[in-house]
Amino acid sequence: MEKHYKLHRLKELADNDQEFLFALASTFIEEVPADAEILKVAVENENYLLTYQTAHKMKPTVDMFELGILDDLIVVQDWGKLEQKDKNITAQLNSVLTAIDRATKEIIQDFKL
């Protein structure tokens with residue numbers, strides 16, 4: 001449990017309420033992988049506004065679950081926000097997508113979702 005994500009900040013927030021943690025994990029599974037797919041397509045299509053909006057939306061969850069990719073997600077967000085057409089963010093995007101995929105699989109297993 002908690003190899004690709006961390007719960008200690010969420011446990012503190014939830015006062016270790018297991019039902020609340022389950023709800024947070026369920027919400028993660030429902031929203032973050034879908035947002036990651038939107039982010040991937042937005043970057044591929046050079047949709048800067050959608051890239052910025054999606055990455056910005058994902059930041060609090062990525063931070064709370066401590067996926068270890070917040071800095072990479074901010075690079076992707078800023079690429080969209082500043083329309084950095086000459087900047088290659090492939091490595092950062094791949095890092096974000098890989099971490100989300102790993103955390104998603106682990107959360108599904110750990111919470112039996």
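Residues numbered from 1 in each chain as written. Predicted model: local features only at pLDDT ≥ 70, side-chain atom pairs only at ≥ 80, totals over all residues. Heavy atoms only, no water.

Caption draft 1: Quick peek at the environment of Lys81. For Lys81, the location among the structural elements is in helix H4 (residues 70–81). We classify Lys81 as exposed; its relative accessible area is 52%. For the pair Lys81 and Ala55, spaced 26 residues apart in the sequence, the C-alpha separation amounts to 9.8 Å. In this structure, Lys81 is in contact with Tyr48 and Tyr52, ignoring residues within four places of it in sequence. (Helix = DSSP H or I, 4+ residues; strand = E, 2+ residues; numbered from the N terminus. Buried < 20%, exposed > 50% of the residue type's maximum accessible area, 1.4 Å probe, protein only. Contact = heavy atoms within 4.5 Å.)

Caption draft 2: Structural view of unusual backbone geometry. In this structure, Glu46 is a non-glycine residue whose phi angle is positive, near 50°. Topologically, Glu46 is positioned in the loop between helix H2 (18–44) and helix H3 (48–64). Phi angles above zero are rare outside glycine, and Lys112 is one such case at about 55°. For Lys112, the position within the fold is in the segment after helix H5 (90–111). Judged by relative accessible area, which is 73%, Lys112 ranks as exposed.

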